[in-house]
Amino acid sequence: MRIAIAGPGALGCLFAALLAPRMQRDGGSLRLLDHNKQRANLLSTQGILYEADNRQQHRMVAVSSEPQSIGPVDILLLTVKSHDLADCLRFCHPLISPRTLPVFMQNGIGHLDAEERFNLPATPAFAVSSEGATLLAPGHVRHVGRGATHMGFLHHPPERQQQLLSELAGILHECGLAISLSDHILNQLWAKLFVNAGINPLTALYNCTNGQLLTSCAARGRLKHIVREAEAVARAVGIGISVDPVQATLAVCKSTAKNISSMLQDRRRKRLTEIDAINGAVVREGKRMGIATPFNEEIMRQIKEMEGNYR
């Protein structure tokens, strides 16, 4: 099995660190892809520092900035931010053949048309993960919370793609991750969208942890309105909803009280956020379905204004 992971951010380093021992033991190939040559050389030399449960371990991983020297792989995990997908797929083009399984692991729903938009030669899978990871420094990832990862296809895939996804699920399960294959991955992508839409932009705006949203009546109220709008849009689109989205989002705030959301991490590093793929997607789908989304529009405007102050 030849697996590549595109993106040395928090999620990419987390999956690379967890996969490395198993792939080395069984003679498989694992590569972490980084467009930054200098950083790729650094990570290839020092390895990934994986931190969990107050313990640190070094995991050696082959890191490359030259995908053309690797050639097509069986599985490509795309862990970059949604706004970096186009550049990432151009960079990773030598890795993708008709027999490759691309797996998209972005927040939001802005990437669901990736197969058509990027003219992929192979049917992709989509994954949604609640594993908590924070990148403390290049190659230094802290596993801050155990979660679950669901993977599946939007449409019926070829037999090879199904087999590859099943094999990947088995490997990740052996690495200690809670993995499930889903026949309703679109519903789960929206379920994660509800949580991200309610938590991420507000923590970025107020510069607070997930749990601190619960201590502010104003923040808690905005969260509820944002998520209810997203729920209304999802129901109009035909998404199956089995758990109350607001209660689920509040529960995540409580269970991840000390966590720093990915959008807040982006703010503190003065990077672009995934607001377009999260709340922006709610706004766009709302307009398409004729549903007003003023609270999502307002938080989107505020985050865009915050990003503008980076320059």
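Because the structure is predicted, anything quoted here is derived from the model rather than measured. (Residues numbered from 1 in each chain as written. Predicted model: local features only at pLDDT ≥ 70, side-chain atom pairs only at ≥ 80, totals over all residues. Heavy atoms only, no water.)

With mixed pairing, 8 strands are arranged side by side in an open sheet as β5-β2-β1-β6-β7-β8-β11-β12. Either end of the sheet is taken by a strand with one partner, and the two such strands are β5 (62-64) and β12 (178-181). Ignoring strand direction, the axes of neighbouring strands in this sheet form an average angle of 25 degrees. Judged from the 2 bridges that link them, strand β7 (residues 101-104) and strand β8 (residues 125-129) form a sheet pairing that is parallel. Bridge assignment links Phe104 to a residue of β8, and that residue is Phe126. (Pairing = 2+ DSSP bridges. Helix = DSSP H or I, 4+ residues; strand = E, 2+ residues; numbered from the N terminus. Axes fitted to C-alpha atoms, helices over the stretch in contact; angles between N-to-C directions.)

This part takes up the pairing of strand β4 (residues 55-59). Alignment of strand β3 (residues 48-52) against β4, held across 5 bridges, turns out to be antiparallel. Looking across to β4, one finds that Ile48 is bridged to Arg59.

Its 21 residues place the ends of helix α7 (residues 217-237) 30 Å apart at the C-alpha level, agreeing with the 30 Å of an ideal helix rising 1.5 Å per residue. Within α7 the residues assigned to the buried category are Ala219, Arg222, Leu223, Ile226, Val227, Glu229, Ala230, Glu231, Val233 and Ala234. A positive backbone phi angle near 105 degrees is found at Gly238, which sits one or two residues after α7. (Expected span 1.5 Å × (residues − 1). Buried < 20%, exposed > 50% of the residue type's maximum accessible area, 1.4 Å probe, protein only.)

Read across the open sheet, the 4 strands follow the order β4-β3-β10-β9; overall the sheet is mixed. Two strands close off the open sheet at either side, each with one partner strand: β4 and β9 (132-137). When strand polarity is set aside, the average angle formed by the axes of neighbouring strands in this sheet is 25 degrees. As judged from the 5 bridges shared by β9 and strand β10 (residues 140-145), these two strands associate in the antiparallel manner. Counted as the bridge partner of Leu135 is Val141 from β10. Lying on the sheet, helix α1 (residues 10-26) is in contact with β3, β4, β9 and β10; it crosses β3 at an angle near 90 degrees. (Contact = heavy atoms within 4.5 Å.)

Before going further, it helps to spend a moment on the nonpolar core. Leu19, Leu77, Val103 and Leu168 are the most contacted members of the largest nonpolar core, which has 43 residues in total. Considering each element in turn, this core owes the most residues, 11 residues, to α1. Once you skip the residues sitting within four places of it in the chain, Val103 turns out to touch Ile75, Leu76, Leu77, Leu78, Ala125, Ala127 and Leu168. (Core = buried A, V, L, I, M, F, W, Y, C linked by side-chain atoms within 4.5 Å.)

With that settled, the discussion passes to the environment of His184. For His184, the position within the fold is in the loop between β12 and α6 (185-206). Separated by 33 residues in sequence, His184 and Met151 place their C-alpha atoms 9.2 Å apart.

Once that is clear, we can look at the pattern of salt bridges. For the coordinates displayed, the defined rule picks out 18 salt bridges. Note that Glu174 and Arg22 form a salt bridge whose closest N and O atoms lie 2.9 Å from each other. Residue Glu174 is located in helix α5 (residues 159-174), and its partner Arg22 is located in helix α1; the two are separated by 152 residues in the primary sequence. One network of salt bridges, with partners in common, ties together Arg22, Arg25, Asp26 and Glu174. (Salt bridge = Lys/Arg side-chain N within 4 Å of Asp/Glu carboxyl O.)

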